[in-house]
Amino acid sequence: MTRRRQIYEGKAKILYEGPEPGTLIQYFKDDATAFNAQKKGTISGKGVLNNRISEHIFTMLGNIGVPTHFIRRLNMREQLIRQVEIIPIEVVVRNVAAGSIVKRLGIEEGLQLPRTIIEYYYKDDALGDPMIADEHIACFGWASQEEMHDIADMAIRVNDFLCGLFAGIGIRLVDFKLEFGRIWDNDFARVLLADEISPDGCRLWDIATGEKLDKDRFRQNLGGEVEAYQEIARRLGLLPEGADTTVLDMEQHRKKRDK
Ligand code: UDP
């Protein structure tokens, strides 16, 4: 295999130069971090599952008209994406109280919020991704008013779609994080949904049992992380029904076969 130029390495993914200008390859690692990277670990097989889950969700969002950076999945850990200028804002959508909002506002975990909340955080690890308001975004020029309008609009559309998708497979979409990027067309910038949507950046609770099927299993040392991610993939119809091979087995089998 030819050596590709690495563009960026993040906590859970690596970006490589793509085959054509304006494209990148997004590689999904098994590394997991939590609490602003104070807790680190590996969840074997996570990258394979997140690649597949994110492909599925981005494809469906594309089908309903949400513009995304996703082009196609290349193999078990990689997907081809459009190169975007990442907007340095994490967009969190909440339907049910959990995580930081519980601590910040002293409300009970599991409280169904009377309306969906959208929050913004400034993407800066050194600052611990502080929460920000629209005013900060406008003041520091992180995104234009028009872009923020598109972002809020897309966040609501994604939420409506995902709530229905997950409810249909017995899962409550508690909250999730989105990232957006812009692409330039001459002087005109267009906003695309970027990054990934997977159990790493969503809270997904089983409706029947309340069981957490997301990265909180890692954050809270609950164990069974890969099984939870696998359960999400299985319910989404992305793993063969009744298959007793794990994702890791599948990956090793393909590697041997392709040698
Ligand atoms: N989230 C994320 N990356 C971050 C912060 C949050 O993917 O850097 C996701 C997280 O998985 C959850 C949602 O955004 O689904 C809301 O997270 P919260 O603000 O409650 O923070 P946390 O509890 O993760 O510190």
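Residues numbered from 1 in each chain as written. Predicted model: local features only at pLDDT ≥ 70, side-chain atom pairs only at ≥ 80, totals over all residues. Heavy atoms only, no water.

**Comments concerning the overall build of the chain**
And step 1. Counting its secondary structure elements, the chain contains seven helices and 13 strands.
And step 2. Dimensions of the chain, computed from C-alpha atoms along their principal axes, come out at roughly 55 × 50 × 35 Å.
And step 3. Relative to its 259 residues, the chain shows a buried fraction of 48%.
And step 4. In the chain, the proportion of contacts linking residues at least 24 apart, taken out of those at least 6 apart, comes to 57%.
And step 5. On the chain, roughly 13,400 Å² of surface is accessible, and the fraction owed to carbon and sulfur atoms is 50%. (Helix = DSSP H or I, 4+ residues; strand = E, 2+ residues; numbered from the N terminus. Buried < 20%, exposed > 50% of the residue type's maximum accessible area, 1.4 Å probe, protein only. Contact = heavy atoms within 4.5 Å. Areas by Shrake-Rupley, 256 points an atom, 1.4 Å probe, with all protein chains shown as cover.)

**Regarding the site of the ligand**
And step 1. Lining the immediate environment of the ligand, one finds 16 residues, of which R94, S100, D175, R203 and R219 sit closest.
And step 2. In this structure, D175 approaches the ligand through a side-chain N or O atom, which is 2.6 Å from an oxygen atom.
And step 3. Notes on the ligand: free accessible area 500 Å², of which the protein chains cover 79%.
And step 4. Elements that contribute at least two residues to the shell around the ligand include exactly β8 (85-96), β11 (171-185) and β13 (202-206).
And step 5. Within the shell around the ligand, the residues separate by chemical class into five nonpolar, three polar and eight charged. (Near = heavy atom within 4 Å. Polar contact = N/O pair within 3.5 Å; in protein donor to acceptor, adjacent residues only side chain to side chain. Nonpolar A, V, L, I, M, F, W, Y, C, P; charged D, E, K, R; others polar.)

**Some words on the UniProt feature "domain: SAICAR synthetase/ADE2 N-terminal" (unreviewed entry) in the chain**
And step 1. Following the UniProt record, one finds the feature "domain: SAICAR synthetase/ADE2 N-terminal" (unreviewed entry) at residues 6-235.
And step 2. The span residues 6-235 is 30% helix and 37% strand, and its two end C-alpha atoms sit 34 Å from each other. (UniProt positions renumbered as here; feature names shortened; annotations may be inferred.)

**Side note on the environment of D150**
And step 1. Its location among the elements puts D150 in helix α4 (residues 145-167).
And step 2. It is 33 Å that separates the C-alpha atoms of D150 and R217, two residues lying 67 residues apart in sequence.

**Quick look at the side chain of D195**
And step 1. Examined against the element boundaries, D195 turns out to sit in the loop between β12 (188-194) and β13.
And step 2. Once residues lying within four places of it in the same chain are set aside, the contact partners of D195 are K13, Q26, F58, H69, K177 and E179.

**Observations concerning unusual backbone geometry**
And step 1. At N186, a position not held by glycine, the phi torsion is positive, near 55 degrees.
And step 2. Here N186 is to be found in the loop between β11 and β12.
And step 3. Even without being glycine, N221 reaches a positive phi, approximately 50 degrees.
And step 4. Relative to the helices and strands, N221 is located in the loop between α5 (216-219) and α6 (225-235).
And step 5. N221 sits in the exposed class, given a relative accessible area of 60%.

**A short note on the pattern of salt bridges**
And step 1. All chains considered together, the criterion is met by 27 salt bridges.
And step 2. Between R182 and E147 there is a salt bridge, with its nearest N and O atoms 2.7 Å apart. Linking R182 in strand β11 with E147 in helix α4, this pair joins segments that are 35 residues apart in sequence. Per residue, the accessibility class of R182 equals that of E147, and both read buried.
And step 3. Because the salt bridges share partners, they merge into one network encompassing R94, R104, E119, D175, R203, D216 and R219. (Salt bridge = Lys/Arg side-chain N within 4 Å of Asp/Glu carboxyl O.)

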